[in-house]
Protein chains: 2
Amino acid sequence: MDHSSLSTKQSIMFSHKFAQLTKALWKSVEKDWQQWIKPYHLNINEHQILWIAYHLSGASVSDVAKFGVMHVSTAFNFSKKLEERNLLTFSKNADDKRNTYIELTSEGDQLLLETLEAYETNTYDVYNGALPIKELYGKFPDFTELITIIRHIYGEDFMEIFEETLKTFDKEFTEENGTLIPVKQDAPRT
Amino acid sequence: MDHSSLSTKQSIMFSHKFAQLTKALWKSVEKDWQQWIKPYHLNINEHQILWIAYHLSGASVSDVAKFGVMHVSTAFNFSKKLEERNLLTFSKNADDKRNTYIELTSEGDQLLLETLEAYETNTYDVYNGALPIKELYGKFPDFTELITIIRHIYGEDFMEIFEETLKTFDKEFTEENGTLIPVKQDAPRT
């Protein structure tokens, strides 16, 4: 592709606009997310680690870092804090000694489920902001352009895991009287 | 609007997906923005303050906080640091003694312009990610759904200033050989 005809000005106007939009949205999401999980003495990174480890059986610390968009050292340090609270355990894989793997304990599973049970439809302001779009078009936006941009930056496997954890979530949870509960399973989740 | 038929599960799936998308995008933008302005010993908050004060003549600290999506104390503390570097001055308005206003000094103007002159089309990875969309549709995405959500959260005046500063930027800057330069003006900008 020849982008030489595209100007610096065009680039800065697009990027600055996009920077402002994503900052405004992330700051709103961040505030609401923190508020939601505060009663469980978790921060966003810790909650993400629990969430990813719950849905991605046998996740390594570097998987968690990648799919949680955090530094490996952040993923490791917060995993360590969760381990101290007996919410997860670390392990090494016999086939792959370089990576450290994490697995939720039953207390970790339980704590994640408690946060999901406490979730209310108005937890996130971005959801309320998206409702009129749902009313108008009959469905929530797909954000295909955002996904195209993210695929470029983070690669195909990031998007695959992203879609996969959403599908798994859809299958693993049901709802009773507005409260989210896990689908009962006889066999272990893995 | 009656949203009672919308489920908790629908809400959490939308919000979690959206949270992941905005985190991934913002973290990429944040990294590239920091990298760009690092040679000028500025952080993102400071650069935003310079930028907003440049385009919004007679901005108050609370305007800067609002349109920069930062806490008022953050806006104040970083403005203070910029004042110590002689990049801006504080003032009170005779008609409105409660607010503190900031104005860039010529050094502040100059530093912002230097950062813009140093901007290159590949400064932001999100821009490169959006280029294939531009090739396909002949224009960059408008992100109308994101703007709808932001309007709900931050209000109409946030969006007005957002559009206004982009328009001002478009008028005030031109480009020569791929470098961004301000349009020469005989009269002062205000």
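You'll find the structure just up there.
Residues numbered from 1 in each chain as written. Chains lettered and ligands numbered in written order. Predicted model: local features only at pLDDT ≥ 70, side-chain atom pairs only at ≥ 80, totals over all residues. Heavy atoms only, no water.

Visitor: Can you walk me through the pairing of strand S3 (residues 96-104) of chain A in this structure?
Guide: In regular strands, side chains alternate between the two faces of the sheet. Residue and element names in this part refer to chain A. As paired strands, strand S1 (residues 59-60) and S3 are joined by two bridges and run antiparallel to one another. Paired with Ser60 across the strands is Tyr101, a residue of S3. Strand direction decides the pairing type here: strand S2 (residues 88-93) and S3, joined by six bridges, are antiparallel. Of the residues in S3, the one forming a bridge with Lys92 is Thr100. If you look at the hairpin formed by S2 and S3, you'll find two residues sitting between the two strands. (Pairing = 2+ DSSP bridges. Helix = DSSP H or I, 4+ residues; strand = E, 2+ residues; numbered from the N terminus.)

Visitor: How should I be thinking about the relation of the copies chain B and chain A in this particular structure?
Guide: Two copies of one chain are present, and they are related through a rotation about an axis combined with an axial shift. When chain B is fitted to chain A, the residual RMSD is 0.0 Å, and the transformation amounts to a turn of 180° plus an axial shift of 0.0 Å. When the rotation and shift are considered jointly, the pair of chain copies conforms to a two-fold rotation axis. The position closest to the rotation axis in chain B is occupied by the C-alpha of B:Thr22, lying 3.0 Å away. A share of 99% of interface residues in chain B that are also interface residues in chain A marks the association as one of identical surfaces. (Least-squares fit on C-alpha atoms with pLDDT ≥ 70 in both. Contact = heavy atoms within 4.5 Å.)

Visitor: Sorry if this is basic, but what is going on with helix H7 (residues 144-154) of chain B here?
Guide: Because the α-helix completes a turn every 3.6 residues, residues three or four places apart line up on one side. Residues of H7(B) that are buried include every one of B:Leu146, B:Ile147, B:Ile149, B:Ile150, B:Ile153 and B:Tyr154, and no others. An end-on view of H7(B) places all buried positions within 160° of arc, on one side of the element. Where the residues of H7(B) are buried, they touch helix H1 (8-37), helix H6 (125-137) and helix H7 (144-154) of chain A together with helix H1 (8-37), helix H3 (61-67) and helix H8 (156-172) of chain B. Positive phi appears at B:Gly155, one or two residues downstream of H7(B), with a value of about 90°. (Buried < 20%, exposed > 50% of the residue type's maximum accessible area, 1.4 Å probe, protein only. Arc of directions from axis to C-beta.)

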